[in-house]
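# Working through the structure, step by step
Listed below, chain by chain, are the residues.
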Amino acid sequence: MTGTDDEHYFSADPSVPFERIPVSTTVWDLDLSLVSGSGVFAKGRLDIGTSVLFKETEPPSLRPGARVLDLGCGYGMIGLALGLAVPEAYVTGVDVNERAVLLANENAAKLGLGDRYRASVPAEVDPEIPYDEIWSNPPIRIGKPALHELLLTWLPRLAPDGRAVMVVGKNLGGDSLQRWITDQGYPTTRIGSAKGFRVLETVRA
């Protein structure tokens, strides 16, 4: 996380002036042209952690109609890549930052994914819907208690045999988080490691 604007990314309504900033990158052989914004995580760039997540994984193979959650979606990079790479899937983005939700939905419409992707604030997500997969670059900097609460809110929404894929900085507690999630009853393994980041896979038995 760099730059003063990013300090506001986990606020519901960032105080910095709203400026849209384009981002172009290639992930999973997909060329993505998105719009990020001030006050939203990783404005103007693909952050290192998310780039590691893409490089250390492949798009999942899912059944038609599968549901995927992008937890802490920001302007939509992970969830929109999933929507393009896995045309069978319906993707829900969730973020407390209302500006991020706006941008993610705008990007989805621009990419023609408006019928299979929707970003919302947590209160607007149907609590009864299970998810086949959860993908996330979680907001570690909200602090350990809040992060644990976040994960214990959303991991139980995994369908039986569902999985979560997350990227976490080693120096931000990636290894201890892996052990903690496993101790909560969600077996978690490291499936990738690069540039100081761990890519973790969590399964629901």
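Residues numbered from 1 in each chain as written. Predicted model: local features only at pLDDT ≥ 70, side-chain atom pairs only at ≥ 80, totals over all residues. Heavy atoms only, no water.

In the annotation of an unreviewed UniProt entry, the chain is listed under the name 16S rRNA G1207 methylase RsmC and assigned to Nocardioides albus.

## A few points about the overall build of the chain
Along the chain, the regular secondary structure elements total 5 helices and 9 strands. For the chain, the α and β elements follow one another from N to C terminus as β-β-α-β-α-β-α-β-β-α-β-α-β-β. Compactness check: the chain gives a C-alpha radius of gyration of 16 Å against a globular reference of 17 Å for 205 residues, within 12% of the reference. If you line up the chain on its principal axes, its C-alpha atoms span 40 × 35 × 35 Å. (Helix = DSSP H or I, 4+ residues; strand = E, 2+ residues; numbered from the N terminus. Rg over C-alpha atoms; globule rule 2.2 N^0.38 Å.)

## A look at the pattern of salt bridges
Counted under the stated rule, the structure contains 7 salt bridges. When the shortest N-O distance is used, the salt bridge between D132 and R63 registers 3.1 Å. Remark: R63 occurs in the loop between helix 1 (48-55) and strand 3 (67-71) and D132 occurs in strand 6 (residues 131-136); sequence separation between them is 69 residues. R63 sits in the partly exposed class, given a relative accessible area of 47%. Among the ionic pairs, E133 bridges to R163, the shortest N-O distance being 2.8 Å. Taken together, the residues E133 in strand 6 and R163 in strand 7 (residues 158-169) connect sequence positions 30 residues apart. (Salt bridge = Lys/Arg side-chain N within 4 Å of Asp/Glu carboxyl O. Buried < 20%, exposed > 50% of the residue type's maximum accessible area, 1.4 Å probe, protein only.)

## Things to note about the environment of E56
Take E56: it is sitting in the loop between helix 1 and strand 3. A relative accessible area of 30% means that E56 is categorised as partly exposed. Along the sequence, E56 and R198 sit 142 residues apart, while their C-alpha atoms lie 9.5 Å from each other. Those residues in contact with E56, other than ones at most four positions away along the chain, are I191, G192, S193, A194 and V199. (Contact = heavy atoms within 4.5 Å.)

## A few points about the pairing of strand 9 (residues 197-203)
Every other side chain in a regular strand lies on the same face of the sheet, so the side chains alternate between the two faces. Strand direction decides the pairing type here: strand 7 and strand 9, joined by 7 bridges, are antiparallel. In the strand pairing of strand 9, V168 is matched with R198. Both strand 8 (residues 188-194) and strand 9 contribute to a ladder of 6 bridges, which runs antiparallel. Along strand 9, the bridge assignment pairs T189 with E201. The hairpin turn running from strand 8 into strand 9, its antiparallel successor, is 2 residues long, and K195 in that turn takes a positive phi close to 55°. (Pairing = 2+ DSSP bridges.)

## Describing helix 3 (residues 98-110)
With 13 residues, helix 3 ought to run about 18 Å at 1.5 Å a step, and its terminal C-alpha atoms sit 19 Å apart, in line with that. The inward-facing, buried residues of helix 3 abut strand 1 (20-27), strand 2 (30-37), helix 2 (77-85) and strand 5 (117-120). The backbone nitrogen of R99 lies 2.9 Å from a side-chain oxygen of the residue at the head of helix 3, namely N97. After helix 3 finishes, the residue G112 shows a positive phi value of roughly 75°. (Expected span 1.5 Å × (residues − 1). Polar contact = N/O pair within 3.5 Å; in protein donor to acceptor, adjacent residues only side chain to side chain.)

## Some details on unusual backbone geometry
Positioned with a positive phi, A42 is a non-glycine residue whose angle comes to about 60°. Along the polypeptide, A42 turns up in the loop between strand 2 and helix 1. One non-glycine residue, K195, adopts positive backbone phi at about 55°. Structurally, the position occupied by K195 is in the loop between strand 8 and strand 9. Accessibility expressed as a relative area gives 58% for K195, which makes it exposed.

## With respect to the UniProt feature "domain: Methyltransferase small" (unreviewed entry) in the chain
Mapped onto the present numbering, the UniProt feature "domain: Methyltransferase small" (unreviewed entry) falls at residues 32-200. Structurally, residues 32-200 is divided into 30% helix and 29% strand, and its ends, taken at the C-alpha atoms, are 24 Å apart. (UniProt positions renumbered as here; feature names shortened; annotations may be inferred.)

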